[in-house]
Every structure is written in C-alpha cells, then in structure tokens.
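Chain by chain, the residues:
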Amino acid sequence: MDRKNVVIVTGGAMGIGRAIADRFAQDGSAVVIADVSGAAEAAAEISATGAEAVGVFCDISDSDSCKAMVAEALNAFGRIDTLVNNAGLYSTLKLTEFTEITPEEWQRVLNVNVMGQALVTAAVLPSMQAQGGGTIVNMSSGTPFKGVPYLLHYVASKGAINAMTKALAKELGASGIRVNGVAPGFTMSDGVKANPHQIEKLQEISQKARVIARDQLPEDIVGAVAFLASPDAAFMTGQTLVVDGGAYFH
Ligand SMILES: NC(=O)c1ccc[n+]([C@@H]2O[C@H](COP(=O)([O-])OP(=O)(O)OC[C@H]3O[C@@H](n4cnc5c(N)ncnc54)[C@H](O)[C@@H]3O)[C@@H](O)[C@H]2O)c1
C-alpha cells in the first residue's frame, strides 16, 4: 500500500485498546489514541518505537468531543481507514445484584458503552463515506452470549453492541464500510488488574470455563481485530467473533 493506513483506537491508552494500538503500529499503520486519560503519553510511547501516533483527548460519551477528536485525526493523517470502538466501562464495575444497580449507574454505563460507540462512529462516518470505504471493529464481550449475571447494565450494553454491529453493517454496506465486532472473555487488562474485586470473583472461574485453561491477555484479542480490519476480511461484515479460549462457542 502506498499511503499510510490510519487507525483510531478509542480507549487506546491502556488495557486491550493499548495492545490493539501497539499491534496496528507494529504493522505500519498510523495510530490515533483517543482516550479520556493518558492519550498523549501512550502515543508518545508508540512514537518512540518509530511508528506514527498521535494522542487526542476524547470522551466518547460526548458528541462534540468525538467530532473534535476526528478533526484532529484528519488534521494529523488526512484520512481514517479503521475505527476500533474499544473504549468502554467494564474494569471499574462491581458485580452487583440487578435490583441494586441504580438508575444513574445504568445510565452511566449505557451512555459510555452504547451511546459512546454510536457517537464516535457518527463522527468518523463522513470521512469514511467521502473516501468510499473503511472498516469499523466494535468491542463487545462474551457476557451477552453467556448471560453472565450481576452485571446486567454491562451485559445489556454489550448486547446492544452486537445488535448495532449487525444493523450498522447493513446500513453502511453500500458505502463500502464494513462493521464487525470482537467479543473477548474475562481479560487481564490494565483496568482489570487494578480491580482486586474482579480478580477475586472472576479470574479462576473464567480460567476453568475455558478449553484453553489460562488467563486471557489483551494480546490474545489483537489478532482478531487486525484481521477484521484487514483486506483478508473483505467479504465479512456484521459478524462478531468470540475470542475467549473456547468458553463459548458462537
Ligand atoms: N477486560 C475484560 O475482561 C473485557 C472483556 C470483554 C470486553 N471488554 C471490553 O474491552 C474494552 C476495553 O476494556 P479493558 O478491560 O481493556 O479496559 P481498561 O479499563 O483497562 O481500559 C479502558 C480504557 O478506556 C478509556 N475510557 C474509559 N471511558 C472512556 C470514555 N468515556 N471515552 C474515552 N475513553 C474512555 C480509559 O481511560 C482506558 O484507557 C471495553 O469496551 C470492555 O468492555 C473487556
């Protein structure tokens, strides 16, 4: 390819998003780290490896912030080939009985996890449409497939992402934009590692539920994302790949 492939990774400052950003950078793409915190630092670390990266503040639940981020990305690199809708609230959540999740907490999770992906996608869309194509990879989760309890707001948010991936694939197909998803199992991301509550409740039980009975790492997810964004997946759209060591067969 003559021109640079340009990829936006939301929530790319740490965790799964950072691993995805590192992979695209290693593959030669220019990377935009869009995050509410640590974007500039992560981009500086990636740039130090010789890759092209910029870090841009973005709160995905705020439409103006998404538009400003996209404007900065276009200013830096001139186009957007791939959007990885990775940012989401998970690692800071506590397992909570359904009746104990407050309406405010429901709203907070849905605003970021559902509206957030919709707002970033809407902000990126005009440039992809003008280019005549692009790829979008939405970060889902294995939880809506399995019906994981005590995280109902989160499970509902990722179920919505699976549905949006299919409906958007249909809506955007004629523009040459492919929309797919990746659904990881419980992953030892930076955020999860900083939450002893989740480690205690979910690490061992998740390992035991897998055919490949070990911890899932952020690096386990990046290959599926890179594949779905690549021309190798040119005839795939509307699909969500479960990447969880064989805990759930989708
Ligand atoms: N870790 C898991 O077990 C797991 C499993 C399945 C799916 N996921 C999904 O993967 C994604 C990443 O999870 P993780 O565990 O790596 O998270 P993490 O907590 O380690 O990192 C999340 C990143 O997203 C950023 N972020 C949070 N809210 C944001 C907002 N409003 N706007 C922009 N950036 C924001 C954070 O600053 C952080 O850099 C999430 O969508 C999550 O739901 C995680």
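Just above, that's the structure.
Residues numbered from 1 in each chain as written. Predicted model: local features only at pLDDT ≥ 70, side-chain atom pairs only at ≥ 80, totals over all residues. Heavy atoms only, no water.

Taken together, 29 residues surround the ligand, and among them Asp 35, Ser 91, Tyr 154, Thr 187 and Ser 189 come closest. One of the side-chain nitrogen or oxygen atoms of Asp 59 is found 3.0 Å away from a nitrogen atom of the ligand. For the ligand, whose accessible area on its own is 830 Å², the fraction buried by protein is 93%. Secondary-structure elements contributing two or more residues to the shell around the ligand are helix 1 (15-26), helix 6 (152-172) and helix 7 (190-193). (Near = heavy atom within 4 Å. Polar contact = N/O pair within 3.5 Å; in protein donor to acceptor, adjacent residues only side chain to side chain. Areas by Shrake-Rupley, 256 points an atom, 1.4 Å probe, with all protein chains shown as cover. Helix = DSSP H or I, 4+ residues; strand = E, 2+ residues; numbered from the N terminus.)

Along strand 1 (residues 6-10), five of the five residues are buried, which leaves the element largely enclosed by surrounding structure. Here strand 1 shows two buried faces, one formed by Val 6, Ile 8 and Thr 10 and the other by Val 7 and Val 9. Examined bridge by bridge, strand 1 and strand 2 (residues 30-35) share five bridges and lie parallel to one another. Note on strand 2: the bridge partner recorded for Val 6 is Ala 30. You can see the chain leave strand 1, run along helix 1 and come back into strand 2, and the turn it takes is right-handed. Pairing between strand 1 and strand 4 (residues 82-85): three bridges, direction parallel. (Buried < 20%, exposed > 50% of the residue type's maximum accessible area, 1.4 Å probe, protein only. Pairing = 2+ DSSP bridges. Right-handed = clockwise from strand over helix to strand, strands pointing away.)

Following both chains from N to C, one finds helix 3 (residues 63-77) and helix 4 (residues 103-131) inclined at 35°, their axes separated by 8 Å at the closest point. Classified by chirality, the crossing of helix 4 by helix 3 is right-handed. Between helix 3 and helix 4, the residues in contact are Ser 63, Cys 66, Lys 67, Met 69, Val 70 and Leu 74 and Leu 119, Val 120, Ala 123, Val 124 and Ser 127, respectively. (Axes fitted to C-alpha atoms, helices over the stretch in contact; angles between N-to-C directions. Left-handed = near helix turned anticlockwise from the far one by under 90°. Contact = heavy atoms within 4.5 Å.)

Take the nonpolar core next. Across soluble globular proteins, nonpolar side chains show a tendency to be buried alongside one another. Ranked by size, the top nonpolar core spans 30 residues in total, and within it Ile 8, Met 69 and Val 124 carry the most contacts. At the level of secondary structure, the elements contributing two or more residues to this core comprise strand 1, strand 2, helix 3, helix 4, helix 6 and strand 6 (177-184). If you look at the next biggest cluster of nonpolar residues, it comprises 29 residues, including Phe 24, Ile 33, Ile 46 and Ala 233. (Core = buried A, V, L, I, M, F, W, Y, C linked by side-chain atoms within 4.5 Å.)

Our focus in this paragraph is the packing of aromatic side chains. Each aromatic ring pair is described using two quantities: the centre-to-centre distance and the angle formed by the ring planes. Applying the stated criterion across every chain yields a total of two aromatic pairs. Ring geometry for Tyr 90 and Tyr 154: centres 4.7 Å apart, planes at 45°, overall tilted. Note that Tyr 90 is positioned in the loop between strand 4 and helix 4 and Tyr 154 in helix 6, a separation of 64 residues in sequence. Tyr 154 gets classed as buried once you look at its relative accessible area, which sits at 6%. (Phe/Tyr/Trp six-rings, centres within 6.5 Å; stacked < 30°, edge-to-face > 60°.)

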